[in-house]
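Below are the chains, spelled out letter by letter.
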Amino acid sequence: MDILKERKNQVATAASGSPLNLDCGKKSTAGAVSQRACVFCGSRVVLYPITDALHLIHGPVGCAAYTWDIRGSLSSGSEMYRLSFTTDLSENEVVFGGEKKLYKSLIELIDKHQPKAAFVYSTCIVGVIGDDVEAVCRRVSKEKGIDVLPVQSEGFNGTKKDGYKVACEALDKLVGTDNEAQLPDYSINILGDFNLAGELWMLTEYYKKMGVNINATITGDGRVDDIRKAHKASLNVVQCSGAMMHLAKLMKDKYDVPFMKVSYFGIEDMSDALYDVAHFFKSEELFKKAQLLVKEELGTLIPALAKYREALQGKKAAIYVGGAFKAISLVKALRLIGVQTAVVGSQTGNKEDYEVLKELCDEGTIIVDDSNPNELSQFVIQTNSDIFIGGVKERPIAYKLGLGFCDHNHERKEALAGYEGMLNFAKEIYATAMSPVWQFTRHHKMRSSVALDQTPVDSLPNSKE
Ligand code: SF4
């Protein structure tokens, strides 16, 4: 197997009995062509779903292409977040500085769109020319009377995970700015759901049925005013913990708001997300309502899943996603529909996440951190995977190899969270994996021929070594 020697410790196979000890949480190896996105990308995926804020990218127009309606996040109100603004820095600003242009752009945009707050994203070139973005934001904030928040997200300045962190730090400046609000009992904030294809609305409906009040949704279908009073809630329920855990910890330290990690993908995790909230409030009533809701949902879902489970039995999946917590839920959800996970990896997982994956996966599953197209292609071929689950950068890998692809990324248009989402997921995996088109592709022919000139999977390092 063709793996760069610097990356050997970031790939392993699951084996029982000893820890995986995967090397992770470090900068991508130069030349490895990592699938990871830049710091700016990490920050904008977290902040962009705040619908009534102005999002201005201070940088060249190319960075702004990243933002052009790229997320499937939906809004129940303002559509301002879908506009893509940039200061469009060019040679002139690179030589003489971009602060004047940033100031002018902010004034013009705030006058025109009257946002509740503004986020200003620094890109690579801003880090190089050294514009004082904070000073410009402070000045505009004073003049216009709204929060203008700098997001120090120079693309080269770390990994996508660092982008999550700077986004959380920008949010931290908003939280706590409304101290007047009084919230009802059982009030929670939902952190780390981005309302892709309206998923958040399904989840909030479940919680409301239980009798839980949703205060701020950070950041899917997010509102600046709700975020301001987020510190008044009794609990932060954190999905996508890689992205939002930093904010949850900051709120715990500053305002003593406790947090819990959840996932809304798959039946088990979705149900636990409801029960755990009921347990937190120590309310028998909430717990009973959660039980009733789960019973009703499963009553229709389990029979509906049966035919997909039967048809998909024995199929193998490769998973490569941004956060490892999502990967964990996906392994469980796939198992529920009879699909075995042969490869699983993430861009931002930590040691603890990978140990959970090792415990969860079948012996021999390849587990990988911060992978690249070359490795992923090899893993898919070596394991004879039938379907690839990933995001925008994994889609071409799957199609070039000639196997089905399921989009689990932030631009998807299909809701995959919650009970309804579990059924959508089963339908999508079934439709993709079982499509007759794959019999005409290279991957299928290679699989049939057995004569693969590759090192066998079992020659990878495993957790016993
Ligand atoms: S790496 Fe730098 S130049 Fe490229 S998109 Fe990110 S911020 Fe922009």
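Rules used in this analysis
- Residues numbered from 1 in each chain as written.
- Predicted model: local features only at pLDDT ≥ 70, side-chain atom pairs only at ≥ 80, totals over all residues.
- Helix = DSSP H or I, 4+ residues; strand = E, 2+ residues; numbered from the N terminus.
- Rg over C-alpha atoms; globule rule 2.2 N^0.38 Å.
- Buried ≥ 20, exposed ≤ 12 C-beta atoms within 10 Å, placed from the backbone.
- Contact = placed C-beta atoms within 7 Å.
- Near = placed C-beta within 6 Å.
- Nonpolar A, V, L, I, M, F, W, Y, C, P; charged D, E, K, R; others polar.
- Domains from an automatic or database assignment.
- Core = buried A, V, L, I, M, F, W, Y, C linked by C-beta atoms within 7 Å.
- Pairing = 2+ DSSP bridges.
- Right-handed = clockwise from strand over helix to strand, strands pointing away.
- Axes fitted to C-alpha atoms, helices over the stretch in contact; angles between N-to-C directions.
- Parallel < 35°, antiparallel > 145°, perpendicular 65-115°, else oblique.
- Left-handed = near helix turned anticlockwise from the far one by under 90°.

Right, let's get into the overall build of the protein chain. Within the protein chain, the secondary structure is distributed over 18 helices and 14 strands. Taken over the C-alpha trace, the protein chain has a radius of gyration of 23 Å; the compact-globule value for 465 residues is 23 Å, and the two agree within 12%. Split into buried and exposed, the 465 residues of the protein chain put 53% on the buried side. Across the protein chain, every contact between residues at least 6 apart in sequence was considered, and the portion connecting residues at least 24 apart equals 75%.

Attention now goes to the site of the ligand. If you check the shell around the ligand, you find Cys38, Phe40, Gly59, Cys63, Tyr66, Thr123, Cys124 and Gly155 and nothing else. The residue makeup of the shell around the ligand, split by class, is five nonpolar, three polar and no charged.

In terms of domains, the protein chain is made up of domain 1 (5-32 + 309-459), domain 2 (39-173) and domain 3 (187-294). Each of domain 1 and domain 2 has a C-alpha centre, and these two points are 34 Å apart. Facing eight residues of domain 1, the contacting portion of domain 2 comprises seven residues. Partitioned by chemical class, the residues of the side of domain 1 that touches domain 2 number no nonpolar, four polar and four charged.

Moving on, we get to the nonpolar core. If you look at the biggest cluster of nonpolar residues, it comprises 138 residues, and the most contacted ones within it are Ala118, Val120, Ile319, Ile367 and Ile429. Considering each element in turn, this core owes the most residues, eight residues, to helix 13 (residues 324-336).

Next up on the list: the pairing of strand 6 (residues 187-191). A large share of strand 6 lies buried, amounting to four of its five residues. Here strand 6 pairs with strand 7 (residues 213-218) via four bridges, running parallel. Across the sheet, residue isoleucine 190 finds its bridge partner in strand 7, namely threonine 217. Between strand 6 and its parallel partner strand 7, the chain crosses via helix 8 (residues 199-210), and the hand of that crossover is right-handed. In the sheet, strand 6 pairs with strand 8 (residues 235-238) via four bridges, with the strands oriented parallel. The partner of isoleucine 188 across the bridge, within strand 8, is leucine 235.

Sheet architecture is open: six strands sit in the order 1-12-11-10-13-14, paired in mixed fashion. Strands with a single pairing partner mark the edges of an open sheet, and in this sheet they are strand 1 (11-13) and strand 14 (404-407). Neighbour-to-neighbour, the strand axes of the sheet open up by a mean angle of 15°, direction not taken into account. As defined by bridge partners, strand 11 (residues 340-346) adjoins strand 12 (residues 366-369) across four bridges and the pair is classed as parallel. Bridged to valine 344 within strand 12 is isoleucine 367. Contacts from helix 13 reach strand 10 (316-321), strand 11 and strand 13 (387-390) within the one sheet, and its direction differs from that of strand 11 by about 175°. Across the face of the sheet, helix 17 (residues 418-433) comes into contact with strand 13 and strand 14 while running at roughly 155° to strand 14.

This paragraph deals with the environment of alanine 415. Its place among the elements puts alanine 415 in the loop between strand 14 and helix 17. The spatial distance from the C-alpha of alanine 415 to the C-alpha of alanine 197 is 5.0 Å, given a sequence separation of 218 residues. If we skip the residues at most four places from it in the chain, alanine 415 touches Ala197, Gly198, Glu199, Met202, Glu420, Gly421 and Asn424.

A few words now on helix 15 (residues 373-383). Looking at helix 15, one finds that the buried residues are Glu375, Leu376, Gln378, Phe379, Val380 and Gln382. Looking at the buried positions of helix 15, the neighbouring elements they touch are strand 10, strand 11, strand 12, strand 13 and helix 16 (395-401). Remark: asparagine 384 follows helix 15 within two positions and exhibits a positive phi of approximately 55°.

Relative to the helices and strands, serine 385 is located in the loop between helix 15 and strand 13. Taking the number of C-beta atoms within 10 Å as the measure of exposure, serine 385 has 29 and is therefore buried. Distance from serine 385 to glutamine 340, taken between C-alpha atoms, is 9.2 Å for residues 45 residues apart in sequence. Apart from the residues lying within four places of it in its own chain, the contact partners of serine 385 are Lys316, Ala317, Ala318, Ala342, Val343, Val380 and Leu403.

One way to put it is that helix 1 (residues 39-47) packs onto helix 7 (residues 160-174) with a least axis distance of 6 Å and a crossing angle of 45°. Here helix 7 runs oblique to helix 1, going by the angle between their axes. Regarding helix 1 and helix 7, the two cross each other, and that crossing is right-handed. In this structure, helix 1 uses Val39, Phe40, Cys41, Gly42, Ser43, Val46 and Leu47 to contact helix 7, whose residues at the interface are Lys160, Lys161, Asp162, Gly163, Tyr164, Val166, Ala167 and Ala170. Grouping the constituent residues of the contact of helix 1 with helix 7 by class yields nine nonpolar, three polar and three charged.

What follows deals with the sheet that holds strand 2 (residues 53-58). Judged by pairing direction, the sheet is parallel, and its four strands sit side by side in the order 3-2-4-5 without closing on themselves. A single partner strand is all that each edge strand has here, and the edge strands are strand 3 (85-86) and strand 5 (147-151). Pairing between strand 4 (residues 117-122) and strand 5: five bridges, direction parallel. Each bridged residue has a counterpart across the sheet, and for alanine 118 the counterpart in strand 5 is valine 148. Sheet strands touched by helix 6 (residues 133-144): strand 2, strand 4 and strand 5. Its angle to strand 5, the strand with the most contacts, is close to 170°.

Our next topic: the packing of helix 13 against helix 14 (residues 351-360). It is the contact of helix 13 with helix 14, at a shortest axis distance of 9 Å, that shows an interaxial angle of 10°. Between helix 13 and helix 14, the interaxial angle falls into the category roughly parallel. For the pair helix 13 and helix 14, contact is made by Ala324, Phe325, Ala327, Ile328 and Val331 and by Asp353, Tyr354, Val356, Leu357 and Leu360, respectively. Tallied by class, the residues present in the contact of helix 13 with helix 14 amount to nine nonpolar, no polar and one charged.

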